[in-house]
Number of protein chains: 2
Amino acid sequence: VSEEKLAAAQARFDSQAKPVGSLGRLEEFGSRFVAITGKDKVAGKRVYTFAGDHGVTAEGVSAFPQEVTPQMVFNFVDGGASINALARHAGAEVLVVDMGVATDFEDMDGLIKRKIAKGTANFAEGPAMTQEQAIQALLTGVEMARQAKADGIDLVGTGDMGIGNTTPSAAIAACICRLPVEQVTHRGTGIDDEGLARKILAISKGLEVNQPNPQDAVDVLAKVGGFEIGGIAGLILGCAAEGIPVVVDGFISTAGALIASELHPNVRDYIFAAHKSVEIGHHHMLHKIGQQPMLDLGLRLGEGTGGAVAMTLIEAGLQVLRDVLTFDQAGVSEGADQ
Amino acid sequence: VSEEKLAAAQARFDSQAKPVGSLGRLEEFGSRFVAITGKDKVAGKRVYTFAGDHGVTAEGVSAFPQEVTPQMVFNFVDGGASINALARHAGAEVLVVDMGVATDFEDMDGLIKRKIAKGTANFAEGPAMTQEQAIQALLTGVEMARQAKADGIDLVGTGDMGIGNTTPSAAIAACICRLPVEQVTHRGTGIDDEGLARKILAISKGLEVNQPNPQDAVDVLAKVGGFEIGGIAGLILGCAAEGIPVVVDGFISTAGALIASELHPNVRDYIFAAHKSVEIGHHHMLHKIGQQPMLDLGLRLGEGTGGAVAMTLIEAGLQVLRDVLTFDQAGVSEGADQ
């Protein structure tokens, strides 16, 4: 991230015929994009939706059956899901990455097959995955960032699909943010009070049984994480390495961002936090990575949906940066605050 | 507004392959648009930016000189202002209405000449305008809504330009919300502490001298309002009458919406509150008209800028409504909450 380009973009906003700073966060979004990419226009947008299954669903932590994960993968590939609609709205492409769905897929356009295993193990009883698998998940995400760069993509969004995946995300939040499980665990796709109690118990057991080391993010990912969460973390690391701004969707994506930012604090400079999720643990993670959400729309879907919408706000900021004339150019008198 | 169409749109969202309500307010925006228009796609978007000058600037209430109002009108017409950039981003047209700028304009494309007077009178000393002028301002706004309907526009945004116009807006807020002037008066384009004290004093004097009747919104508009605020109020009334959803921008636009909703409470059903302004009085007015802002981006510019951005969120909701397959269509198993 170039401090010089950041300052130049902000100076351009400041010189435009409007009160200084009066477009608020739109100016922040535009300036940050310029600081990262050196460009004032988005050339290509892509959402990576990582899919994986979770052994911890055996604990009865989700309102939906596990078969929904592959069903939704088909829906993504066919273009009929919420992320497809919102990516279409944003002018972004959607690619789905099978990180560890408990079903084998045929080759399909739009599906990238990188299955590490057919779902994680139940972390309430032992590690969700091995350290090697965790690293493989991270590297797969890094590979996607590299491919995005090669394809001329300069704005990437993260997305997730995996029945049960708010459970590992809450476990990661509790561990790394060092918070009581109850403070970061919520209803996911819509479990009832009994389900919520089971979910809190499963996470508590998982943290007790596995003792993940909060200072070792790979250990946390391996012991209580998920394959798609590792993919997201790797994508974010890779985007930072490639100089691509990355829009992080909601609760699950932010668990990935938390892993990534623990592995290298500088990745935070490349992250745009798309929105404030309904999940109660979300703001704790955002606080830990030092990001303010761009939107607050009561979203709790995942897939990358909030990220797709947030991309349009970055482009709004850039449109202002490019198009708005300065006081001088427009022949407008400056104010006492200029 | 059709309760039946609202319910049908929400039922469609509920049947889509995602947890019920998981796209939060995007579903609300989409459903409300359908309930108002009966359509699930926006055919034409237009922002009306109403311009007017304010005699109360003689009290030293703004950081900018009054000459900036006509200078910005030229900037709007030339396409170089913030509202032009953000309307371009949203795919909306911008029309500027001269409601009462203290300068005569030649005919220009994109400028609608409806000057009521060359600026209001200084309301710290007497009424800002006559009752007849207030009604003329309202009717001009209604005329714009009618024209929008005739032109096939089905999503309208409100905008304002007028040096000094946070002062009448705060006066309207104080009067109709019955709040102390200090609680609704803020820094506008960026006045310092002394300027803020002068602004509070001017509004207090205006309310004392004119004694506007809080239960008579036309009286409030005439005594402490502005021509562009009247235009905005009329536009909102007209949009409600014509069945056009209207996106209300920030502080000044919401003062217009407050006038409109006092004149007829049903107009609230047609209002989308675009964003939460930095101005401290804004949320009191939004509360009074029963609206939650769609965005919170630290905006404090006006012109219609926040409204243009908010239009894109309504379209995001509609894209979901149109494109996302149901559980049945997508072959996805439903959850325990369905």
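Reference entry: report on the structure contained in this document. (Residues numbered from 1 in each chain as written. Chains lettered and ligands numbered in written order. Predicted model: local features only at pLDDT ≥ 70, side-chain atom pairs only at ≥ 80, totals over all residues. Heavy atoms only, no water.)

## Topic: the pairing of strand E1 (residues 45-52) of chain A
All names here are of chain A.
Here's step 1: For E1, the tally of buried residues reaches 8 of 8 residues, placing the bulk of the element in the interior.
Here's step 2: Residues Lys 45, Val 47, Thr 49 and Ala 51 line one face of E1 and the alternating positions Arg 46, Tyr 48, Phe 50 and Gly 52 line the opposite face, and both faces are buried.
Here's step 3: Sheet topology note: the E1/strand E4 (residues 155-161) ladder contains 7 bridges and is parallel. The residue bridging Tyr 48 from the neighbouring strand is Thr 158, located in E4.
Here's step 4: Both E1 and strand E2 (residues 93-100) contribute to a ladder of 7 bridges, which runs parallel. Its bridge partner lying in E2, Thr 49 is registered against Val 96. (Buried < 20%, exposed > 50% of the residue type's maximum accessible area, 1.4 Å probe, protein only. Helix = DSSP H or I, 4+ residues; strand = E, 2+ residues; numbered from the N terminus. Pairing = 2+ DSSP bridges.)

## Topic: the interface of chain A and chain B
Here's step 1: Facing 56 residues of chain A, the contacting portion of chain B comprises 56 residues.
Here's step 2: Of the roughly 4300 Å² buried at the junction of chain A and chain B (both faces included), carbon and sulfur atoms supply 63%.
Here's step 3: It is A:Phe64, A:His89 and A:Leu297 that lose the most area in chain A upon contact with chain B, and together they represent 13% of the buried surface on that side.
Here's step 4: Across the contact surface, chain A and chain B share 2 salt bridges.
Here's step 5: For B:Asp323, the salt bridge is made with A:Arg88, and the minimal N-O distance between the two is 2.6 Å.
Here's step 6: Seen at the junction of chain A and chain B, the total is 16 residue pairs in polar contact (both at pLDDT 80 or more).
Here's step 7: Looking at the side of chain A that touches chain B, the elements that each hand over two or more residues are helix H2 (24-37), helix H3 (68-78), helix H4 (82-90), helix H13 (305-323) and helix H14 (327-330) of chain A.
Here's step 8: Classifying every residue of the side of chain A that touches chain B gives 29 nonpolar, 18 polar and 9 charged. (Contact = heavy atoms within 4.5 Å. Buried area = accessible area lost by both parts, 1.4 Å probe. Salt bridge = Lys/Arg side-chain N within 4 Å of Asp/Glu carboxyl O. Polar contact = N/O pair within 3.5 Å; in protein donor to acceptor, adjacent residues only side chain to side chain. Nonpolar A, V, L, I, M, F, W, Y, C, P; charged D, E, K, R; others polar.)

## A look at the relation of the copies chain A and chain B
Here's step 1: Aligned on chain B, chain A shows an RMSD of 0.0 Å; the corresponding rotation is 180° and the shift along the axis is 0.0 Å. Seen this way, the second copy is the image of the first under a two-fold rotation axis. Closest to the rotation axis within chain A is the C-alpha of A:Leu295, separated from it by 3.3 Å.
Here's step 2: Taken as a fraction of all interface residues of chain A, those also at the interface in chain B reach 100%, which identifies the copy contact as same-surface. (Least-squares fit on C-alpha atoms with pLDDT ≥ 70 in both.)

## Some thoughts on the packing of helix H6 (residues 166-176) of chain B against helix H8 (residues 193-210) of chain B
All names here are of chain B.
Here's step 1: One can describe the packing of H6 onto H8 by two numbers: an axis separation of 10 Å at closest approach and a directional angle of 55°. Overall, the two elements H6 and H8 adopt an arrangement that is oblique. By crossing handedness, the relation of H6 to H8 is classed as right-handed. Along its contact with H6, which presents Thr 166, Thr 167, Ala 170, Ala 171, Ala 174 and Cys 175, the element H8 presents Lys 199, Ile 203 and Leu 207. (Axes fitted to C-alpha atoms, helices over the stretch in contact; angles between N-to-C directions. Parallel < 35°, antiparallel > 145°, perpendicular 65-115°, else oblique. Left-handed = near helix turned anticlockwise from the far one by under 90°.)

## Here's the deal with the environment of A:Lys118
Residue and element names in this part refer to chain A.
Here's step 1: By secondary structure assignment, the location of Lys 118 is in the loop between strand E3 (111-113) and helix H5 (131-150).
Here's step 2: In the structure, Lys 118 is positioned 32 residues away from Ala 150 in sequence and 29 Å away in space, judged by C-alpha atoms.
Here's step 3: Contacts of Lys 118, omitting those with residues within four sequence positions, involve Gly 100, Val 101, Ala 102 and Asp 104.
Here's step 4: Within the structure, Lys 118 has its side chain in polar contact with the side chain of Asp 104 (distance 2.9 Å).

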